[in-house]
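Close look at the chain arrangement
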Amino acid sequence: MREPHNAAVATDPARVAVVTGAGRGIGRAIALRLAGAGHPVVAGARTREQVEATAAAAPGVVPLAADVAVDADVERLAAAASALGPVGIWVNNAAIADRVAFADLDPASWDRVLGVNLRGAFLGCRAAWRLMLEAGGGVIVNIGSLSGLANVEKFPGLAAYNVSKAGLIALTEAVALEGRPHRIRCVALSPGAVDTEMLRRAAPQLTAGVTPDDIAALVAWLVRDEAAPLTGVNIPVFSNA
């Protein structure tokens, strides 16, 4: 029987994973979850102390201080992962949310948010793509947000964040489309209020109904063979809180 183009190859424990924004919150939980499943993990974050703390929490995690908005830093993540073995998982999780009223939103603030949240994801997808072509396929997971979905409640001061997450969902569809012939899957996971420091800073009025560990469990499933039919989709994560 002919193997489907989008069959996952990332479940082999030898497959290396890259997780950005892994110094705290969702990224840290994802890095630890994947390491616990047997994947060597390169954990990237801008703050060296935070990502080193993540690495100290589990064997198999290699910390690397990196800014995803900087091309050279993303290439360093890719090189560090490639040195460990075939790369089959890349999670674009790094994000920032500067709360600025639209009337006060200047181009520098706009570029800062879009640089990390969207440019950073693009650079990650591009680096992952090259490595996965060599490895024979893989899975890219982009961590979006309900803020990027149409007809979902928005909150003042987060225009740049909302736009960046909407763009991330479109990027996911584009990457998945061109990845199918190469067995490269790309999926977006868009949670709402997750119990993180970023939520408490950007939208303190919200009650978190989802934990970073909840999101990490979903990511761990998305990179498995059972999720092979899923590519080019955005999965919203609502809660009852």
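For the structure itself, look to the data block above.
This structure is a prediction, so every number in the text was calculated from the model and none was measured.

Brief notes about the nonpolar core
Trp90, Ile140 and Val175 are the most contacted members of the largest nonpolar core, which has 33 residues in total. Secondary-structure elements contributing two or more residues to this core are strand S1 (16–19), helix H3 (71–82), strand S4 (87–92), helix H4 (107–135), helix H5 (159–179) and strand S6 (184–191). In contact with Val175, not counting residues within four places along its chain, are Cys125, Trp129, Ile140 and Cys186. In this structure, Val41, Ala45, Val51 and Leu189 belong to the second largest nonpolar core, which totals 31 residues.

Thoughts on the packing of helix H1 (residues 25–36) against helix H7 (residues 212–222)
Running from amino to carboxyl end, H1 crosses H7 at an angle of 50°, the nearest separation of the two axes being 8 Å. On the basis of their axis angle, the class for H1 and H7 is oblique. Our pair here, H1 against H7, has a crossing hand that is right-handed. Contact residues: Gly25, Ile26, Ala29, Ile30, Arg33 and Leu34 in H1; Pro212, Asp213, Ile215, Ala216, Ala217, Val219 and Ala220 in H7.

A few points about the pattern of salt bridges
The final tally for this structure, using the stated rule, is five salt bridges. As a salt-bridge pair, Asp71 and Arg126 come within 2.9 Å of each other at their nearest N and O atoms. Of the two residues, Asp71 is situated in helix H3 and Arg126 in helix H4; the sequence distance between them amounts to 55 residues. Residue Arg112 is joined to Asp98 by a salt bridge in which the shortest nitrogen-to-oxygen separation is 2.6 Å. One end of the pair, Arg112, is in helix H4; the other, Asp98, is in the loop between S4 and H4, and 14 residues separate them in sequence. Overall, Arg112 belongs to the partly exposed group, its relative accessible area being 41%. Look at Asp98 and you get partly exposed, because its relative accessible area is 24%.

Side note on the pairing of S1
Consecutive side chains along a regular strand alternate between the two faces of the sheet. Residues Val16 and Val18 of S1 are buried on one face, and the alternating residues Ala17 and Val19, pointing to the opposite face, are buried as well. Sheet topology note: the S1/S4 ladder contains four bridges and is parallel. Directly across from Ala17, in S4, lies its bridge partner Ile89. Pairing of S1 with strand S2 (residues 41–45) involves three bridges; the strand directions are parallel. Among the inter-strand pairings, Ala17 is bridged to a residue of S2, identified as Val41.

Criteria and thresholds
Residues numbered from 1 in each chain as written. Predicted model: local features only at pLDDT ≥ 70, side-chain atom pairs only at ≥ 80, totals over all residues. Heavy atoms only, no water. Core = buried A, V, L, I, M, F, W, Y, C linked by side-chain atoms within 4.5 Å. Buried < 20%, exposed > 50% of the residue type's maximum accessible area, 1.4 Å probe, protein only. Helix = DSSP H or I, 4+ residues; strand = E, 2+ residues; numbered from the N terminus. Contact = heavy atoms within 4.5 Å. Axes fitted to C-alpha atoms, helices over the stretch in contact; angles between N-to-C directions. Parallel < 35°, antiparallel > 145°, perpendicular 65-115°, else oblique. Left-handed = near helix turned anticlockwise from the far one by under 90°. Salt bridge = Lys/Arg side-chain N within 4 Å of Asp/Glu carboxyl O. Pairing = 2+ DSSP bridges.

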